[in-house]
Amino acid sequence: MNDRPFPKARPVERPAGFTLIELLITIAIIAILAAMLLPALNRARDMAKSASCFNNLKQLGIGYGVYFSENLDYLPPISQGSNEIYWPMYLVGIEIWGASGQTGYKNHIRGRYASPEMFACPAMSAKVNPYTGKEPEYWYTNVPHYAPCTTMGMTQPEMPKVTQLKNPSGKFLLGDVWAYVGGQLWTNAGFYRINWSTPTSGYGIWAGRHTRGVNVLHADGHVNSYRVLNLENPYASPPFTSRDEDKQHFFYNR
């Protein structure tokens, strides 16, 4: 009789790593979690961009305030006719073109109230660089991401004094802008002026690029956001309509 013990059964070894089914289940769970988190992440990203845009406009408001104090309270002209001097040049300065061959502009205006970076909205894909473009002044005439409404005055001596504005806390000094060229909306470009009433070629329109929100700098220095329903026609939403109660925001003499 054999008294040797029976050999113990060896445990079955599982293959290392995940099985195909386990891997597919893990991927599905990750995809579901990502789908749930993505909208929240997008909202957080948009809020961060809007907050940065707010800060740009706040800084521009401070620059405007210093400009007012040194220029008899006058608003800078939106454009200066055939001289092609535009409102951002009054704030940034024209001496930067001296090294680019535009000697006619050199020393004409010594801006020191704002930096070029302040004109770049983080929600825009286009980059702001004053040294690129067909001409040195091209960036300022076509690409600033903020712009004033043309009804705030166009050229000297039409520009009003900020002290003459009725209800400055309600006046729109600058706002988010998209270009409107050839009857087409360009959401990847800004413009140097905004039309007050309807989308018109050669003007920009209010840009609802912050989840349909338009950030606006008011003449008293505070910034607010206004929601529009139609991105291609923001003039259908208050306070950008042509109704009398809205005209007070972008007409300096109302």
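Conventions used here
Residues numbered from 1 in each chain as written. Predicted model: local features only at pLDDT ≥ 70, side-chain atom pairs only at ≥ 80, totals over all residues. Heavy atoms only, no water. Helix = DSSP H or I, 4+ residues; strand = E, 2+ residues; numbered from the N terminus. Buried < 20%, exposed > 50% of the residue type's maximum accessible area, 1.4 Å probe, protein only. Contact = heavy atoms within 4.5 Å. Areas by Shrake-Rupley, 256 points an atom, 1.4 Å probe, with all protein chains shown as cover. 1 Å grid on protein atoms, 1.4 Å probe; cavity = no way out; pocket = protein on both sides within 12 Å on 5 of 7 lines; lining within 4 Å. Points joined across faces, edges and corners; volume = space filled by probe spheres on them. Nonpolar A, V, L, I, M, F, W, Y, C, P; charged D, E, K, R; others polar. Salt bridge = Lys/Arg side-chain N within 4 Å of Asp/Glu carboxyl O.

**Student:** Break down the overall build of the protein chain for me, with residues and values.
**Tutor:** Each helix and strand counted, the protein chain has four helices and six strands in total. Counting from the amino terminus, the protein chain carries its helices and strands in the arrangement α-α-α-β-β-β-β-β-β-α. A buried classification covers 41% of the 254 residues belonging to the protein chain. Taking the intrachain contacts of the protein chain between residues at least 6 apart in sequence as the baseline, contacts between residues at least 24 apart amount to 64%. A total accessible area of about 14,200 Å² is found for the protein chain, and carbon and sulfur atoms account for 56% of it.

**Student:** An account of empty space enclosed by the protein is needed here, citing residue identities and associated values.
**Tutor:** Applying the stated criterion across every chain yields a total of one cavity of 30 Å³ or more. Empty space within the largest cavity amounts to approximately 70 Å³. Lining the largest cavity we find Tyr 64, Leu 75, Pro 76, Ile 78, Trp 87, Pro 148, Met 152, Met 159, Phe 172 and Leu 173. Of the residues that constitute the lining of the largest cavity, the class distribution is 10 nonpolar, no polar and no charged.

**Student:** Go over the pattern of salt bridges, please, and point to the residues and values.
**Tutor:** Opposite charge on two side chains allows them to pair when their charged atoms are near. Under the counting rule described, the total for this entry stands at five salt bridges. The residue Asp 246 makes a salt bridge to Arg 243 at a minimum N-O spacing of 3.7 Å. Judged by its relative accessible area of 5%, Asp 246 is buried. A salt bridge links Lys 247 to Asp 244, with the nearest nitrogen and oxygen atoms 3.8 Å apart. On the criterion of helical spacing, the pair formed by Lys 247 and Asp 244 is a turn pair, its members being three residues apart in helix 4 (residues 244–247). Classification of Lys 247 by relative accessible area gives buried; the value is 16%. Each of Arg 243, Glu 245 and Asp 246 takes part in a single network of salt bridges with overlapping partners.

Note that every value here comes from positions in space, so none of it alone points to a role or purpose.
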